[in-house]
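# Secondary and tertiary structure notes
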Amino acid sequence: MKFAHDFKQNLASQDFPPHWVERAIPYSQLKKCLKKVQRELQDLGLDQETLRTLLSAEETAPVALQYRLRESGSKLVRPKLTVNVHLCDGVAVDVSLTSTSRAFLEKLASEILDDHERGSLAQIRASQQNDSGPGEPNTDSSNGDTGNYETIEVPLVFDAEFFDMLQTDVNELDALQAEEQKQLTAEITELSKDVSAVSRPSRFSKSDLARWREIFELYLDSNVFFATQESDHGARNSQRALKQLQWFQNEIEKRNLARNFKILQSRQAFAKFLQLNVSLLKNLQFQELNKLAVSKILKIR
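Residues numbered from 1 in each chain as written. Predicted model: local features only at pLDDT ≥ 70, side-chain atom pairs only at ≥ 80, totals over all residues. Heavy atoms only, no water.

### Structural notes on the environment of D164
Mapped onto the elements, D164 comes out in helix α7 (residues 157–198). Put simply, D164 and V77 are 87 residues apart on the chain and 6.9 Å apart in space, counted from C-alpha to C-alpha. Leaving out residues up to four positions away in the same chain, D164 has contacts with V77 and R78. (Helix = DSSP H or I, 4+ residues; strand = E, 2+ residues; numbered from the N terminus. Contact = heavy atoms within 4.5 Å.)

Okay, here's the thing in C-alpha cells:
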C-alpha cells in the first residue's frame, strides 16, 4: 500500500499537467484486479506452492505447466495455462508431485474426463491392449509408462482482464508520449528560427551570435539528458538530468550570458529554451514514475 500512496502523492505534487495525470497508470485498480487473479488461481487449486511445484517439474518430470500470454504470432493477449500430465485412470502418476499439485491435476482430470470421454478412453485402451496381445500391459512407446498423457488448457479470465487493462494503459501512455514529442518538436523548430534570427551576423545591426555560441557550448558540455563521453555515456535518469540542468543554469548565471544579451528577442528565446528543458525533464520524470508503477505491479504477480 505504501507505493500506491507514494505514487498518488507524486502525481499530485510534481506539477504534471492534468491530462498527463489522467492517463497515468491506474496502479490501485490494477492491484485490485490482481487480487481477482489470485482468487481465480486459488479456486483452481493453484496456490503458490502448487504453482512452484508444477513449474519446477517442467524440465524434470512428466508434468509440464506452461503459461502463455498469447498464441504464437498473435498480438491479442489471451492468458492461458497449459498442463501436460501423465494420467492413469484419471490419477496423476508422477511420484514427484506434492499432495497439493496432485490434487489440482486430478481435479482438472475429473472435469475433463466426463462420462463420454471416459467411455472413449476405455475404447482406446481396449484397442491398445488387443493390439499388444493378451496379458501384455499397455505401454507408452516413449518411456514405457502405462496410462495416458493429457494436455489440459485452463483459460484465465481475470488474468486476461488484468493484461487487457495494463495493455490499454500502456498504449495510452505511448499515445500521450507521441503527442508530447510532436508538440516539443514543433516548439524546438520554432525556437531554432528565433535563435537564428537574433544570432545572424550583421555589420549594421546588433547580434548575439557570440553569446548564443557560448550558451550552446555550455549546454553540450552539461550533457543534461544524454552523455557521449566514453567513461560516462548513455541516457540520463531524471535525477541526474535535473542536476546537470542546474549546473548549466548556474554557469549561465556566473558568466552573465543571459543578462548581457543585446537583443530583447534573445532573452525571450533563452527563456523558451529553458522552458523546453524543464518540459523535457517533467516528461522524463513522468515516464520513470509510470515505468516504476508497471514494474511494481508485474513484480507483485
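### Quick look at the packing of aromatic side chains
Counting across every chain of the model gives 16 aromatic pairs. We note K282 situated over the ring of F16; from NZ or CZ to the ring centre the distance is 5.5 Å. (Phe/Tyr/Trp six-rings, centres within 6.5 Å; stacked < 30°, edge-to-face > 60°. Lys NZ or Arg CZ within 6 Å of the ring centre and 35° of its normal.)

### Some thoughts on the pattern of salt bridges
Counted by the stated rule, this structure contains 10 salt bridges. Salt-bridge contacts for R23 lead to E172; the nearest nitrogen and oxygen are separated by 3.3 Å. Highlighted residues: R23 in the loop between α2 (18–21) and α3 (27–43) and E172 in helix α7, separated in sequence by 149 residues. The salt bridge partner of E161 is K36, with a shortest N-O separation of 3.7 Å. With a gap of 125 residues between them, E161 in helix α7 and K36 in helix α3 connect regions that are remote in the sequence. Members of the salt-bridge network, linked through shared partners, are E214, E251, K254 and R255. (Salt bridge = Lys/Arg side-chain N within 4 Å of Asp/Glu carboxyl O.)

### Digging into helix α1 (residues 2–13)
For α1, built from 12 residues, the straight-helix expectation of 16 Å at 1.5 Å per residue is met to within 8% by its first-to-last C-alpha distance of 16 Å. Residues of α1 that are buried: F3, A4, F7 and L11. The buried residues of α1 all sit within an arc of 105 degrees when viewed along its axis, so they share a single face. In α1, the exposed positions angled more than 90 degrees off the buried face are occupied by K2, A12 and S13. One or two residues past the end of α1 sits D15, with phi positive at roughly 55 degrees. (Expected span 1.5 Å × (residues − 1). Buried < 20%, exposed > 50% of the residue type's maximum accessible area, 1.4 Å probe, protein only. Arc of directions from axis to C-beta.)

### Topic: unusual backbone geometry
Phi at D15 takes a positive value of approximately 55 degrees, unusual for a residue other than glycine. Tracing the chain through its elements places D15 in the loop between α1 and α2. Even without glycine at this site, N223 takes up a positive phi of about 45 degrees. Relative to the elements of secondary structure, N223 occurs in the loop between α8 (209–222) and β5 (226–228).

### Quick notes on α8
For α8, spanning 14 residues, the distance from its first C-alpha to its last is 20 Å, which sits close to the expected 20 Å at 1.5 Å a residue. By the burial criterion, the buried members of α8 are W212, I215, L218, Y219 and S222. End-on, the buried residues of α8 take up no more than an arc of 125 degrees, which puts them together on one face. Turned more than 90 degrees off the buried face of α8, the exposed positions are A210, L220 and D221. Backbone geometry just after α8 places N223 at a positive phi near 45 degrees.

### Digging into the environment of G234
Within the secondary structure, G234 is located in strand β6 (residues 233–235). Once the C-alpha coordinates of G234 and N223 are considered, the two residues, 11 residues apart in sequence, prove to be 9.8 Å apart. Ignoring sequence-local partners within four residues, the contact set of G234 consists of F225, F226 and A227.

None of the figures reported here should be taken as evidence of function without further support.
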